[in-house]
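Fold and contact review
Below, each chain spelled out in residue letters.
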Amino acid sequence: MRLATAASRRKILPNLTMAKAPVPAGEGAPAPLERPGLLTTYRRLWPYLWPHGRADLQRRVFIAFGLLFVAKAATMVMPFTFKWATDALVAAIGEKEAAAAVPAGLVSAPVLLIALYGLSRIAMAGLTQVRDGLFAKVAMHAVRKLALQTFEHMHRLSLRFHLERKTGGLTRVLERGRSGIEELSRLMVLTLVPTIVELVLVLGILAYEFDWLYSVVVATMIAAYLGFTWKATEWRIGIRRRMNNSDTEANTKAVDSLLNFETVKYFGAEGRETARYDASMERYEKASTQTYVSLAVLNAGQAVIFTLGMTAVMWLAARDIMAGRTTIGGFVLVNTMLVQLSMPLNFMGMIYREIKQALIDIDDMFLILQRNPEIADRPGAPALKVEAGTVRFEDVRFAYNPDRPILRGVSFEVPAGRTVAIVGPSGAGKSTLSRLLFRFYEPQSGRITIDGQDIAAVRQDSLRAAIGMVPQDTVLFNDTIGYNIRYGRWEASEAEVREAARLAQIDRFIESLPEGYDTPVGERGLKLSGGEKQRVAIARTILKGPPILVLDEATSALDSFTEREIQAALDRVSQGRTTLVIAHRLSTVINADEILVLDQGRVVERGDHAGLLARGGVYAALWNRQREADAAREALKRAEDERSLAEAVRPEPVI
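Quick caveat, the model's predicted, so the values are computed rather than measured.

Helices and strands together make up the secondary structure of the chain, namely 21 helices and 10 strands. Residues counted as buried form 44% of the 655 residues belonging to the chain. Excluding contacts between residues fewer than 6 apart, the proportion of contacts in the chain whose partners are at least 24 apart in sequence is 78%. Of the roughly 34,500 Å² that the chain leaves accessible, carbon and sulfur atoms contribute 59%.

By the secondary structure assignment, A74 is in helix α3 (residues 55-92). Given a relative accessible area of 12%, A74 falls into the buried group. When the C-alpha atoms of A74 and Y117 are compared, they prove to be 10.0 Å apart, with 43 residues separating the residues in sequence. In contact with A74, other than residues within four places in its own chain, are S120, A123 and M124.

Turning to a nonpolar patch on the surface, a few remarks are in order. A contiguous nonpolar patch, built from L116, L119 and I122 and spanning about 290 Å² of accessible area, is present on the exposed surface. In this fold, L119 is placed in helix α5 (residues 110-156). What makes L119 exposed here is its relative accessible area of 54%.

Here the focus is the pattern of salt bridges. One pass over the structure, following the stated rule, counts 16 salt bridges. Linking R418 and D593 is a salt bridge whose minimum nitrogen-to-oxygen distance equals 3.3 Å. Of the two residues, R418 is situated in the loop between β2 (407-414) and β3 (419-423) and D593 in the loop between β8 (578-582) and β9 (594-599); the sequence distance between them amounts to 175 residues. Among the residues examined, R418 registers a relative accessible area of 40% and is labelled partly exposed. Among the residues examined, D593 registers a relative accessible area of 38% and is labelled partly exposed. In this structure, a network of salt bridges that share partners links the residues R392, E394, E413 and R447.

Before going further, it helps to examine the packing of helix α8 (residues 212-259) against helix α10 (residues 270-322). Across the interface, α8 lies against α10 with an axial gap of 8 Å and an inter-helix angle of 170 degrees. In terms of orientation, α8 and α10 fall into the roughly antiparallel class. Of the residues contributing to the contact of α8 with α10, the split by class is 27 nonpolar, 11 polar and 10 charged.

For any two helices packed against each other, one specifies the inter-axial angle together with the distance between the axes. Running from N to C, α10 and helix α11 (residues 328-346) cross one another at 165 degrees; their axes reach a closest spacing of 9 Å. By the angle between their axes, α10 is roughly antiparallel relative to α11. Where α10 crosses over α11, the handedness of that crossing is right-handed. Side by side, α10 and α11 meet where Q302, F306, M310, V313, M314, A317, A318 and I321 of the first sit next to I328, F331, V334, N335, L338, V339, S342, L345 and N346 of the second. For the contact of α10 with α11, the residue count by class is 13 nonpolar, four polar and no charged.

Moving on, we get to the sheet that holds strand β6 (residues 467-470). Across the sheet, six strands lie side by side as β6-β7-β8-β3-β9-β10; this open sheet has mixed pairing. The open sheet has two edge strands, β6 and β10 (602-607), and neither has a second partner. This sheet shows a mean twist of 20 degrees between the axes of neighbouring strands, independent of strand direction. In this sheet, β8 lies alongside strand β7 (residues 548-552) in parallel orientation, the contact comprising five bridges. Opposite L551, over in β8, you have V581 as the bridge partner. Sheet strands touched by helix α18 (residues 530-544): β6 and β7. Its angle to β6, the strand with the most contacts, is close to 175 degrees.

Tallied over the full model, the rule gives 11 aromatic pairs. Ring geometry for F398 against Y441: centres 5.6 Å apart, planes inclined by 50 degrees, an arrangement best described as tilted. You can see F398 sitting in strand β1 (residues 391-398) and its partner Y441 sitting in the loop between α13 (430-437) and β4 (445-450), a full 43 residues away along the chain. A relative accessible area of 2% means that F398 is categorised as buried. On the basis of an interplanar angle of 40 degrees and a centroid distance of 4.5 Å, the ring pair of F477 and Y487 is categorised as tilted.

Assignment of secondary structure puts Q340 in helix α11. Here Q340 falls in the buried class, since its relative accessible area comes to 7%. Setting aside its immediate chain neighbours within four residues, Q340 contacts T75, M76, M78, P79 and E198.

For the rest of this paragraph, the subject is α13. Within α13, eight of the eight residues are buried, leaving the element largely enclosed by the surrounding structure. Along α13, the residues that are buried comprise K430, S431, T432, L433, S434, R435, L436 and L437. Looking at the residues trailing α13, positive phi occurs at R439, about 60 degrees.

At D451, a position not held by glycine, the phi torsion is positive, near 50 degrees. Along the chain, D451 turns up in the loop between β4 and β5 (453-454). What makes D451 partly exposed here is its relative accessible area of 24%. Look at Q600: it is not a glycine, yet its phi comes out positive at around 55 degrees. With respect to the element layout, Q600 can be found in the loop between β9 and β10. Accessibility expressed as a relative area gives 59% for Q600, which makes it exposed.

In the UniProt entry, the feature "transmembrane region" (unreviewed entry) is given for residues 61-80, 100-119, 187-206, 212-233, 292-316 and 328-347. Regarding residues 212-233, the helix share stands at 100% and the strand share at 0%, and the terminal C-alpha atoms are separated by 31 Å. Within residues 292-316, the helical portion is 100% and the strand portion 0%, while the C-alpha atoms at the span's ends are 36 Å from each other.

Strand order in the open sheet formed by four strands is β2-β1-β4-β5, with antiparallel pairing between adjacent strands. Of all the strands in the sheet, the pair left with one neighbour each is β2 and β5. In this sheet, β4 lies alongside β1 in antiparallel orientation, the contact comprising five bridges. Its bridge partner lying in β4, F393 is registered against I448. Most of the contacts of α13 go to β1, to which it runs at about 110 degrees, and overall it touches β1, β2 and β4.

Rules used throughout
Residues numbered from 1 in each chain as written. Predicted model: local features only at pLDDT ≥ 70, side-chain atom pairs only at ≥ 80, totals over all residues. Heavy atoms only, no water. Helix = DSSP H or I, 4+ residues; strand = E, 2+ residues; numbered from the N terminus. Buried < 20%, exposed > 50% of the residue type's maximum accessible area, 1.4 Å probe, protein only. Contact = heavy atoms within 4.5 Å. Areas by Shrake-Rupley, 256 points an atom, 1.4 Å probe, with all protein chains shown as cover. Patch = residues over 30% accessible without salt bridge, like charges linked within 9 Å, V, L, I, M, F, W, Y side chains within 5 Å. Salt bridge = Lys/Arg side-chain N within 4 Å of Asp/Glu carboxyl O. Axes fitted to C-alpha atoms, helices over the stretch in contact; angles between N-to-C directions. Parallel < 35°, antiparallel > 145°, perpendicular 65-115°, else oblique. Nonpolar A, V, L, I, M, F, W, Y, C, P; charged D, E, K, R; others polar. Left-handed = near helix turned anticlockwise from the far one by under 90°. Pairing = 2+ DSSP bridges. Phe/Tyr/Trp six-rings, centres within 6.5 Å; stacked < 30°, edge-to-face > 60°. UniProt positions renumbered as here; feature names shortened; annotations may be inferred.

So this is what it looks like as C-alpha cells:
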C-alpha cells in the first residue's frame, strides 16, 4: 500500500507544483481586467464575417443588408395600407373629410386596400425570412472557421497550459464561443440593426406625416424604455448569474455523487449526499424565484412606459382629428406603427443580455487565441533525421517552479538499439525526463540530442514521429479497438493492424469478441481491463514503428501475472529499438543494458542489475524494500488462501 501511495503522490505532485508556477513569457499575457466592447469584438470578428476569397459569402452579406432595408420599407408601408383602408371605409359610408386624404382612385376600393395590407405583411415576413436564410451561411461559416482555429491552437499550446486548465472548461469555452459568434451575428444583423432602422423610420414618418411633437414623445418614450430596460437587465444579470452558479453547483454534486455510486454505498452516505444536493437545490430555488420576480418587474415596467408613450401619441392624434388636421386613418396609423414597434422593443432586454454574454464568451475564445505556445518551433527549423537513434541528455537542469528544482544536471546516453532504465524513489524526476524528451517542456539549461541533433532546434512533429510511448495510464479514445490501434499510424492497412495486435498478444482476445476490432472500448477505455488497455497501447506503438521507444512505468499499475505477460510483449517491442524505460517496479528492468538510479534530480548510481546490487547503495536498498513488500503480499495471500480452504472443508454443525 505504501508503494501505491508513493506512486500516486509522485504523479500528483508535479501537477500541483505546475498549477502554482507563473506563466512563462512565451505562454501569453494574463486576461485583461476589462472586457472589450461591442465594436472591438466586431472588429475582431469582421475577417470571419467578411471572409477574403469567398465572393459568394460576401454577396450574401450585401444581399442580406439590402433585404433588411427592403423588409423595413415593407414594414412601414403596412401601417399606411391600414390607414388608407380605414379612410376608404369611412369615405364609403359618407365621411367626405376622410375621403380627401386617400390617394386618388382608391376611395372606392377598400377591398383592394385590405388586399394590399395583406400583401405588405406577407412581403415583410417573406423578405425577413429570406434575409435570415441568406445570412445564416455567413454566420455559420464564421462559427466554423473561428472554432477550428481555436481548436487547432489549443493543440499547439503547451502541456503546462492544459494541466492548469480543466479540459471540461476548455471545451465549454469552445462551445460557448461558437454559440456566442452565432448569437452575436444573429442579434446584431438580424435583430438589433433592423430595430434601429425601424426606430429611425418611425420617428421620421411621424415628424413628416404629423408633427415634430409626435417624434419627441416617441423618442422620449423609447429613451425611457431603453434606460429602464438597461438598468433592470443589469440587475437581473446578477440574479441570473447566481441562479446559474447554483444550478451548476447542484448539477456538479449530482454527477459527482452518481459517478461515485459505489463509494456512497460503501460508507452508507446516501442521506448525506441527498442533504448536500438538497442544499444546492434550495439555493437554486431561491435564485430561480428571484429571477422570475425580476422578469415580472422588467415586463411590468416596460409595459407601463410603452403604454404611457402610446397613450400620449394617441391623444395627440385624437386632438388633431378633432381639429381637422388628420383623419381617423391617421389615428389608426400611429397606433399600428407603435404596436409594430412594441415587438422589437420588447426584445431589447433579452438582446442586451444576450449580446453582453456573447461578448464575454467570444472574448474567452479570443483570449485563448492570443496565448502563444510555450514551446514553439524555431523559424525554419529542419525535420529530425534519425539514422541510428542515439539519445543523449547533456547536463540537463529543469524545474516546473523555480523554487523547486526537479533535475539538477542530469547527463546520460541511450546508445542506438540499446535499453537504458531510469529508476529511483518517487519524486526523483523520472517521468520529467520523458516529458522533456517529447518537448512538452524545455530545460532551463543543458540540451537533449538525438543522433547529435538538438531536439530544441528541430520541428516538434518530426521529433514526436520518431518516438513511441507506452505510458503507465493508457487512455483510449471512446471508439473501437481497431480505431485505437490504428491511431498509431492512420494510413496502416487492416493486415498491419492485425499484425500489430498479434505482436502485442491481444489478437486472440479481440477475435473472441462478438464485434472483433469494431468493439467499442467505452469512455477512456473503461470497458477493457488494465492489461487489455496496455496491450492496445503496445499494439498502437508497434504499428507506429518508431526508432525510439519510451516506456513510462508501463506495468506499475498491473498485477504480477499480467505484469509478466505485458513485460514479455514489451521486451519483444524493444528489440532493435533505442529504449528508455522509466520504471517503478525494479523487477521489470533487470535485463536492461544499463540502469540509472535517479535521486533528488541527480544520477547517483549507474550500472547493470548485478553490479548495482553488489554495490549495496540506493538501488540495492530499493530492491530489498520491494522484495520485502512482495514477500509480505505473498505471505498475506497464502494466509488468506489457507483460511478460505479451511472454511470450505469445515464440517457443518449438526442441529
